[in-house]
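# Coordinates in review
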Amino acid sequence: GTNGTAGYTTATSASGTIADVVNALEATTNWTSTNHMALTADTSDKQEGTGSLANAITTTAAANEQWYFNYGSASNWGGINDTGNLRVGYWVKSSVTTSSGDLSWQDDDSANLASPLDTIAVPALTANTWTYASATLGATTRGSILSYGLRYTTDLGAATVKADAISSIFDAADATTNWTGRGG
């Protein structure tokens, strides 16, 4: 926009970024799931981009199975601009209602979520409703992530869980610090 006209906005950030899309979840490339899950790209039910990642979980799935993304080499997710720890935000949808903690977000500096740095409860989900969730990670930076994904923490029976647009959140916008507005 033009300075001084309606809609003009300026944000100041030490990193120059408020959030960074870690994975748009448009395809199943580099994603792995355990034996009782089937991953597909769903181009008809999504929040952003061209698709979402759909995980069809069978009735034989058991608690603590998981689906995760492996980087070929460590990825730097950066650090937080404001107080607190780095966060990850994502869209999630389940075909069944879940309670907080039935699913968990995980990230790791080793492959295959072998020893997660963070295990954070996904909030309760209403069946067939997209929910934006964020996970506050256990540090202000994450400079060498090799894998991340979701854990089926509680056996919910057959379900389809979808995820879309995973982003690391560099500025939670929880305060007006370093934000400037102009008239109009």
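Since we're looking at a predicted model, the values are computed, not measured. (Residues numbered from 1 in each chain as written. Predicted model: local features only at pLDDT ≥ 70, side-chain atom pairs only at ≥ 80, totals over all residues. Heavy atoms only, no water.)

### Re the sheet that holds strand β13 (residues 145-152)
- Read across the sheet, five strands follow the order β3-β6-β13-β9-β10 without closing on themselves; strand pairing throughout is antiparallel. Only two strands of the sheet have a single partner each, and these edge strands are β3 (31-33) and β10 (118-121). Going from strand to strand, the sheet's axes swing by 20° on average, the running direction of each strand aside. (Pairing = 2+ DSSP bridges. Helix = DSSP H or I, 4+ residues; strand = E, 2+ residues; numbered from the N terminus. Axes fitted to C-alpha atoms, helices over the stretch in contact; angles between N-to-C directions.)

### Details of the packing of aromatic side chains
- Tallied over the entire structure, the rule returns 10 aromatic pairs.
- Ring geometry for phenylalanine 69 and tyrosine 71: centres 5.2 Å apart, planes at 80°, overall edge-to-face. By the burial criterion, phenylalanine 69 is buried, and tyrosine 71 matches it.
- An aromatic cluster of at least three residues, connected via ring pairs, comprises Trp31, Phe69, Tyr71, Trp77, Tyr90, Trp105 and Tyr148. (Phe/Tyr/Trp six-rings, centres within 6.5 Å; stacked < 30°, edge-to-face > 60°. Buried < 20%, exposed > 50% of the residue type's maximum accessible area, 1.4 Å probe, protein only.)

### Some words on unusual backbone geometry
- With phi around 60°, leucine 25 is a residue other than glycine that occupies positive phi space.
- On the basis of relative accessibility, which here comes to 1%, the residue leucine 25 falls in the buried class.
- One non-glycine residue, asparagine 112, lies in positive phi territory at about 60°.
- Tracing the backbone through its elements, the reader meets asparagine 112 in the loop between β9 (103-108) and β10.

### Focus: the environment of alanine 63
- Considering the arrangement of structural elements, one finds alanine 63 in the loop between β5 (52-57) and β6 (65-75).
- In the structure, alanine 63 is positioned 40 residues away from leucine 103 in sequence and 9.5 Å away in space, judged by C-alpha atoms.
- Excluding residues within four positions of it along the chain, alanine 63 makes contact with Tyr152, Thr153, Thr154 and Asp155. (Contact = heavy atoms within 4.5 Å.)

### So, the pairing of strand β14 (residues 159-169)
- Burial runs high along β14: 10 of the 11 residues are buried.
- Inspection of the sheet shows β5 paired to β14 by five bridges, in the antiparallel sense. What sits directly across from alanine 56, in β14, is threonine 160.
- Of the pairings in the sheet, the one linking strand β8 (residues 87-94) to β14 comprises seven bridges and is antiparallel in character. Bridge pairing in β14 links serine 94 to valine 161.

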